[in-house]
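Here is how the chains run, residue by residue.
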Amino acid sequence: MVIYTQKETLIQALSFAKKKDKIGFVPTMGALHEGHISLIKKALEENDLVVVSIFVNPTQFDNSADLKKYPRTADDDISLLKKLKGEVIVYLPEVSDLYEDSVSVKNYNFGGLANEMEGKHRSGHFDGVGTIVNKLFRIVKPNVAYFGEKDFQQLQIVKKLVSIENLPIKIVGCPIFRELNGLAMSSRNKRLTAKQFEEATIIYKTLKEVKEKFSSTSIADLNALVAERFLQNPIMNLEYFEIANEKTLKTAKRKNKASKYRAFIAAFAGEIRLIDNMPLN
Ligand code: PAF
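Conventions adopted
Residues numbered from 1 in each chain as written. Predicted model: local features only at pLDDT ≥ 70, side-chain atom pairs only at ≥ 80, totals over all residues. Heavy atoms only, no water. Helix = DSSP H or I, 4+ residues; strand = E, 2+ residues; numbered from the N terminus. Expected span 1.5 Å × (residues − 1). Buried < 20%, exposed > 50% of the residue type's maximum accessible area, 1.4 Å probe, protein only. Contact = heavy atoms within 4.5 Å. Core = buried A, V, L, I, M, F, W, Y, C linked by side-chain atoms within 4.5 Å. Pairing = 2+ DSSP bridges. Axes fitted to C-alpha atoms, helices over the stretch in contact; angles between N-to-C directions.

Asks: Would you mind going over helix α2 (residues 34-46) in detail, with residue names and values included?
Replies: Here α2 spans 18 Å end to end across 13 residues, near enough to the 18 Å set by a 1.5 Å rise per residue. Listed in full, the buried residues belonging to α2 are Gly35, His36, Ile37, Leu39, Ile40, Ala43 and Leu44. Residues of α2 that are buried sit in contact with β2 (23-28), β3 (49-54), α4 (74-82), β4 (88-91), β5 (144-148) and β6 (170-174).

Here is the structure:
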């Protein structure tokens, strides 16, 4: 495993590999968990070499306290990556390597995808994601890039990004990895207390209940049910619950047999924000 901290040397190393190798890419913000490892293993199975970037991107945080407290565990991440079988290249840059003189974003038009859910609640978030993913794609030039479905809206936006930027990269979405209690794996879980970790399973349990009741219950009643479940929980605060069309991500008011729907939740355990989602039909 080789670690690069500067894009120029990474680009040079990859320019040799590119001639013969299929390159997979897994962009991360570090604090790696089994969910990330599953993406990297899939990428290793499907490619000759895999680039993993570890970079906490400042421009996708709308809250400076969240950025400051985001877990940074580079040494542990590297030890985990060293255990993998296969050719892994790590890109671990400083902010200045990616943003040079100006920590600023490109304003994208994601055709409405960014106006829903996370976009509504985290101002500028998806311009930050689009900006950094575009920069990383142009450095790594992968054949295939892998993203987890926990950030389902991000996955749809990255698919849109490659078409806007006209990049010849296949985007692969991978299923959510869960803790034994059902909580979706997230780097932010590292910040939960034992009690919060236990109570946060309300997110998964509620999504499962919504899925079970989806065919027999109206969307208005499901919205009310979820609000009630969270009201009864003393630890977890619901930020939003949405049943949305999987393709457009627009909030669904009523069901249409021809459409696919997903339920999405964002909730806080204290100041720690967690998200999750589940396909419904
Ligand atoms: O999902 C993430 O970890 C980040 O949003 C990503 C894609 C690495 C961009 O910073």
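That shown, we press on.
Asks: Give a detailed account of the nonpolar core, specifying residues and quantitative values.
Replies: Counting residues in hydrophobic clusters, the biggest one holds 43 residues, and the most contacted among them are Phe137 and Ile171. Broken down by element, this core gets its largest block of residues, eight residues, from helix α7 (residues 125-140). Once residues lying within four places of it in the same chain are set aside, the contact partners of Phe137 are Phe25, Pro142, Ala145, Phe147, Val158, Val162, Leu167, Ile169 and Ile171. Within the second largest apolar cluster, 26 residues are counted, among which are Phe214, Ile219, Val226 and Phe230.

Asks: Which residues make up the sheet that holds strand β9 (residues 272-279), and what are the values?
Replies: Sheet architecture is open: three strands sit in the order β7-β8-β9, paired in antiparallel fashion. With partners counted over all chains shown, the strands left at the sheet margins are β7 (236-245) and β9, one partner each. Neighbouring strand axes in the sheet, compared pairwise and without regard to direction, differ in orientation by 15 degrees on average. Pairing of strand β8 (residues 261-269) with β9, which is carried by eight bridges, proceeds in the antiparallel orientation. Within β9, the residue paired with Ala269 across the bridge is Ile272. Packing against the sheet, helix α10 (residues 201-213) makes contact with β7, β8 and β9, and its axis sits at approximately 25 degrees to β9.

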